[in-house]
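Notes for the structure review
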Amino acid sequence: MTSLRLAMDTAFWDLNVSSAQNLEGTARAVPGEAAPLGMARASRLLRPQQLSFLSRAFPLGLVPSFAPTPRKDLGSFAIQSLLLGPSSDRWMGLVGQFRPRKLISNIKKEVTMGDELELPQFKDVAKHFLDKSLYALGLFSQISLTPETSLLFNVERHGDKTGQRAKAMLLHELPSHDVTIEAAWPELFLDSKGNYWDVPTSVSLDVTSLIPDTGLWYRFGLHKNSGQPEARNSSSTDIPLTLLPGVCAKAAVSYEKSMDFWREQEKSTRARNLVKKPAWISSYDERLEEPHATISGIIGGTYAAWFGDGNISNPKRRNQFHADFFGSLCYTIQHGKFKKDFNDLRRISARLDICSASAFMKGVSHLIFDTTKRQVDTEFNPLATPRLNVILQQQVAGPIVFSVDSRVSLVSPSGKHMPCVDDVMFGLSYSFRKLKSGKILAWFSPKRKESMVELRLFEF
């Protein structure tokens, strides 16, 4: 049911997607746009927690990543490492990043300029190591104020950029709700076209009901943007309306339901405790141990009220009051229990999303007019077309699984009524039995030209 909830989470400002553009390893999905791919959703673990585990799997604890930068001389390849791990009750971590391309090219130039490496020339080579544009440093802290309340804070500085990035988050658990207060300056957002945007200041308050397996789920909150958004990796001037300055009050409610066509259930926990089995007989991932065919769906509505002058700086108009419906239908089939070393996991999940019922109905009416050859002078709305998300997972050998996550739109970006692939991501994961449902995932996004390695728990 996790992928279904993307339809509702996308309406808010706190949906994290994986990104190699910063040390935090996440960016926020632009609210009000198409839901991101399931594989793109970021890990629930903080980046230092991930690096603490990943450092054991990579030589010298150096974890690679790829992300384009405006400066071509720095290159896309970067290496991250955990410089300082957590200690005592006050959890703290220090993350460092190094981009070697510029350093290697500069040293190569120094060496080729002379026949012998003399002392003055050696000093010139050493100076290249002090180039601050090669490095980035991030400090992460998590403090448990009470058993129900936690405070998270992180700040990072990139040598090739001016200023720093900072974020603070207060989490409080109520008996039936989670309360989150968050502030970031600036906040990094990722739109559905693969463009990154920096919003100078972003502040939000969010209240979410505890997530049931099925049934009613709701959330509401306030969000404020300040300052003019800036494109980070492109020259685009088409700023998403939800990132413009202003205050937004938003509420959403949804209802979920799931039904199994068939399922091979494992023995109950009590029965398994009576008969001890070797660890190698258990599944590599306990969430993938039951072959099944399941259909699930979600339907809900959102309401938003905007206050502020965001429309003044943008030719497009933002509706001050807006109400809409959304829905998703998902079918999943899995063969294999992910226990054997070969041919024991094949999983296909297909999800149809309608992000905006109002835009969809307008799109249908325009299609009818088009088919009757009547002239319709209208601008194409990307939310008007349903989107089909397909995830394929295939075991390669043992705990290694290859995944492809794709999104197909029924209308091309130009507005022509023909299917096209909106986005695709590839992933290779290694699951650990001792983690019950944990894996190292290496993903690649051709659209963003990014790749990184993450640790994910209880996600598939």
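Further up the page is the structure itself.
Notes on the structure follow. The numbers attached to residues start from 1 for each chain and follow its sequence in the written order. Totals for whole chains, interfaces and linings use every residue, but because this is a predicted model, local features are given only for residues with pLDDT of at least 70 and side-chain atom pairs only at 80 or more, for both listing and counting. Excluding hydrogens and water, the side-chain figures rest on all heavy atoms present in the structure.

**With respect to the overall build of the protein**
Looking only at helices and strands, the protein features 6 helices and 23 strands. Partitioning the intrachain contacts of the protein with sequence separation of at least 6 by distance along the chain shows that 60% fall at a separation of at least 24. Split by element, the accessible area of the protein, about 24,100 Å² in all, is 62% carbon and sulfur. Only DSSP runs of H or I with at least four residues qualify as helices, and only runs of E with at least two residues qualify as strands; both kinds are numbered from the N terminus onward. Here, residues are in contact when the closest pair of their heavy atoms is within 4.5 Å. Under the convention used here, a 1.4 Å probe and the Shrake-Rupley method define accessible areas, while residue burial counts only the protein chains that appear.

**Considering the side chain of Gln80**
Along the chain, the position of Gln80 falls in strand 4 (residues 77-84). By relative accessible area, Gln80 is classed as buried at 3%. Beyond its immediate stretch of four places on either side in the chain, Gln80 contacts Asn22, Leu23, Arg47, Leu51, Gly61, Leu62, Val63, Gly96 and Gln97. Residue exposure (1.4 Å probe, protein chains only): buried if accessible area is under 20% of the type maximum, exposed if over 50%, otherwise partly exposed.

**Considering a nonpolar patch on the surface**
For patch detection, residues must exceed 30% relative accessible area and be free of salt bridges, and they are connected within 9 Å for like charges or within 5 Å for nonpolar side chains (Val, Leu, Ile, Met, Phe, Trp, Tyr). Salt bridge, as applied in this entry: a Lys or Arg side-chain nitrogen positioned within 4 Å of an Asp or Glu carboxyl oxygen. A surface patch of nonpolar side chains, amounting to about 470 Å² of accessible area, comprises Leu145, Leu151, Leu170, Ile181, Leu205 and Leu222. Summarising the element assignment, Ile181 is placed in strand 9 (residues 177-185).

**Quick word on the pattern of salt bridges**
In total, this model carries 22 salt bridges according to the counting rule given. Linking Arg219 and Asp206 is a salt bridge whose minimum nitrogen-to-oxygen distance equals 2.9 Å. Residue Arg219 is found in strand 13 (residues 215-226), and its partner Asp206 is found in strand 12 (residues 201-209); the two are separated by 13 residues along the sequence. For the pair shown, Arg219 and Asp206 are each scored as buried. Across the pair Arg407 and Asp422 runs a salt bridge, and its minimum N-O distance is 3.7 Å. Of this pair, Arg407 sits in strand 20 (residues 400-409) while Asp422 sits in strand 21 (residues 420-432), placing them 15 residues apart in sequence. As far as burial versus exposure is concerned, Arg407 and Asp422 are alike and both buried. One network of salt bridges, with partners in common, ties together Asp9, Asp14, Arg41, Asp206 and Arg219.

**Details of the sheet that holds strand 10 (residues 187-190)**
The 5 strands lie next to each other as 1-2-10-11-14, forming an open sheet whose pairing is mixed. Edge positions in the open sheet fall to strand 1 (16-18) and strand 14 (230-231), since each of these has one partner strand only. The pairing of strand 11 (residues 196-199) with strand 14 spans 2 bridges and is antiparallel. Looking at the pairing, Asp198 lines up with Glu230 of strand 14. For two strands to count as paired, DSSP must find a minimum of two bridges between them.

**Some thoughts on helix 2 (residues 47-54)**
With 6 of its 8 residues buried, helix 2 lies for the most part within the structure. Of all the positions in helix 2, only Arg47, Pro48, Gln50, Leu51, Phe53 and Leu54 are classed as buried.

**Thoughts on the packing of aromatic side chains**
Classification of ring pairs rests on two measures: the distance between centres of Phe, Tyr or Trp rings, Trp counted by its six-membered ring, which must be within 6.5 Å, and the angle between planes, read as stacked under 30 degrees, edge-to-face over 60 and tilted in between. Going through the model one piece at a time under the given rule, you end up with 7 aromatic pairs. With centroids separated by 5.8 Å and ring planes inclined at 70°, the aromatic side chains of Trp13 and Trp306 adopt a geometry described as edge-to-face. In this pair, Trp13 sits in the loop between helix 1 (6-9) and strand 1 while Trp306 sits in strand 16 (residues 292-307), placing the two residues 293 residues apart along the sequence. For Trp13, a relative accessible area of 5% gives the class buried. On the numbers, 5.3 Å between centres and 85° between planes, the contact of Phe53 with Phe432 is edge-to-face. Within this pair, whereas Phe53 is found in helix 2, its partner Phe432 is found in strand 21, the two being separated by 379 residues in sequence. Under the relative-accessibility criterion, Phe432 is labelled partly exposed at 23%. Among the aromatic side chains, those forming a connected cluster through ring pairs are Phe53, Tyr430 and Phe432. Here, a charge over a ring means that NZ of Lys or CZ of Arg falls within 6 Å of the ring centre while also lying within 35 degrees of the ring normal. The residue whose ring lies beneath Arg318 is Trp306, and the NZ or CZ to ring-centre distance is 3.7 Å. Above the plane of the ring of Tyr284 lies Arg433, whose end atom (NZ or CZ) is 3.8 Å from the centre.

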